[in-house]
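Notes for the structure review
The chain contents come next:
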Amino acid sequence: MAPVATSVILVHGAFADGSAWSRVIPLLQAQGLEAIAVQNPLTSLEEDVAHVQRAIDRAKGPVVLVGHSWGGAVITQAGNQEKVKALVYVAAFAPGVGQSPNDTLKPFPPSPGLSSVSMDRSGYLHLPVESLSANFAQDLPAAEAALLAATQGPVHAGCFRTRVTAAAWEHKPSWYIVAGEDRMLPPAFLKATAERIGARTVEVGTSHIPHASRPDAVAAVIIEAAGAR
């Protein structure tokens, strides 16, 4: 009987949804991996973790959790369980126990992208169209950046103040993709985060969303993590 394929659960970040992984998914499937893109509500850490947990529960094989940006905090909280074999962080937060994403950013100067975020009356953060094009997806065609702006997923500001109570990277093999031209999370922050968690690190010269502009590089890291023993 053939072994069950590894499942890759893809966790999007703020200002995005599960379709953010559309260029990576076919590359994973071509390698025989099951790909599941979670649709996080971006309402709270607890709710996003619950969505990821349901995906873990239905995955057929061992799981690689992949988190982009805010999604890194989600996989950090959710990933310390037997079924999860590895973690992949894509330009992402990776808080330690008792830390929030905001806590991990404190030593670093504000980025152009985060400095431009606006908040509505309900406490949800939005990225203006101009900033999304200039700071979130500056290496994508203008028309594609405009589409991302129109379909962005607002995130509740409280997410970034919530402290994790578990840090899966302390227990699981981890990979980290540093986006060298990131204008949302400073590249110096990304490099420091990768070093702090002891991850195998790959740097790509992209915007905050390397899975859109360099899906081949991102898929290669995920495939490596899926094949590791």
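Source: prediction; values computed, not measured.

Reading guide: rules and limits
Residues numbered from 1 in each chain as written. Predicted model: local features only at pLDDT ≥ 70, side-chain atom pairs only at ≥ 80, totals over all residues. Heavy atoms only, no water. Helix = DSSP H or I, 4+ residues; strand = E, 2+ residues; numbered from the N terminus. Buried < 20%, exposed > 50% of the residue type's maximum accessible area, 1.4 Å probe, protein only. Contact = heavy atoms within 4.5 Å. Areas by Shrake-Rupley, 256 points an atom, 1.4 Å probe, with all protein chains shown as cover. Phe/Tyr/Trp six-rings, centres within 6.5 Å; stacked < 30°, edge-to-face > 60°. Pairing = 2+ DSSP bridges. Axes fitted to C-alpha atoms, helices over the stretch in contact; angles between N-to-C directions. Polar contact = N/O pair within 3.5 Å; in protein donor to acceptor, adjacent residues only side chain to side chain. Right-handed = clockwise from strand over helix to strand, strands pointing away.

Some details on the overall build of the protein
- The helix and strand tally for the protein stands at 10 helices and nine strands.
- The dimensions of the protein, computed from C-alpha atoms along their principal axes, are 55 × 40 × 30 Å.
- Classification of the 229 residues of the protein by burial places 54% in the buried group.
- Expressed as a percentage of contacts within the protein between residues at least 6 apart in sequence, the contacts between residues at least 24 apart total 72%.
- Within the structure as shown, the protein displays about 9700 Å² of accessible surface, and the carbon and sulfur contribution to it stands at 55%.

Some points on the packing of aromatic side chains
- For the coordinates displayed, the defined rule picks out six aromatic pairs.
- Ring centres of Trp-70 and Phe-160 lie 5.6 Å apart, and the angle between their planes is 65°; on these two criteria the pair is classed as edge-to-face. One end of the pair, Trp-70, is in helix 3 (residues 70-78); the other, Phe-160, is in the loop between strand 7 (155-156) and strand 8 (174-179), with 90 residues separating them in the sequence. You'll find Trp-70 and Phe-160 in the same group, each marked buried.

Considerations on the sheet that holds strand 8
- In space, the six strands of this open sheet follow the order 2-1-3-4-8-9, with parallel pairing throughout. If you trace the sheet from one side to the other, it starts and ends with strand 2 (34-38) and strand 9 (200-204), each paired once. Across the sheet, the mean angle from the axis of one strand to that of its neighbour is 20°, orientation sign disregarded.
- Relative to strand 3 (residues 63-68), strand 1 (residues 7-11) runs parallel, the two sharing five bridges. Residue pairing across strands places Leu-10 opposite Val-66, the latter belonging to strand 3.
- Against the sheet, helix 8 (residues 187-196) contacts strand 8 and strand 9, and its axis sits at roughly 165° relative to strand 8.
- Sitting on the sheet, helix 10 (residues 215-227) touches strand 1, strand 3, strand 4 (84-90), strand 8 and strand 9, and the angle it makes with strand 4 is about 160°.

What to know about the side chain of Thr-76
- Considering the arrangement of structural elements, one finds Thr-76 in helix 3.
- At a separation of 2.8 Å, a polar atom in the side chain of Thr-76 contacts the side chain of Tyr-89.

Focus on unusual backbone geometry
- In this structure, Phe-15 is a non-glycine residue whose phi angle is positive, near 65°.
- Examined against the element boundaries, Phe-15 turns out to sit in the loop between strand 1 and helix 1 (25-29).
- On the basis of relative accessible area, Phe-15 is assigned to the buried category, the value being 6%.
- In this structure, Ser-69 is a non-glycine residue whose phi angle is positive, near 55°.
- Note that Ser-69 resides in the loop between strand 3 and helix 3.
- Taking relative accessible area as the criterion, Ser-69 reaches 8% and is therefore assigned buried.

Quick word on the sheet that holds strand 6 (residues 124-126)
- Read across the sheet, three strands follow the order 5-6-7 without closing on themselves; strand pairing throughout is antiparallel. In this open sheet, the two edge strands, each paired with only one partner strand, are strand 5 (118-119) and strand 7.
- As defined by bridge partners, strand 6 adjoins strand 7 across two bridges and the pair is classed as antiparallel. Bridge assignment links Tyr-124 to a residue of strand 7, and that residue is His-156.

Remarks on the pairing of strand 9
- Sheet topology note: the strand 8/strand 9 ladder contains five bridges and is parallel. Residue Tyr-176 lies in a different strand from strand 9, and its bridge partner there is Thr-201.
- Handedness of the crossover is the feature at issue here: the chain leaves strand 8, passes through helix 8, returns alongside strand 9, and the resulting connection is right-handed.

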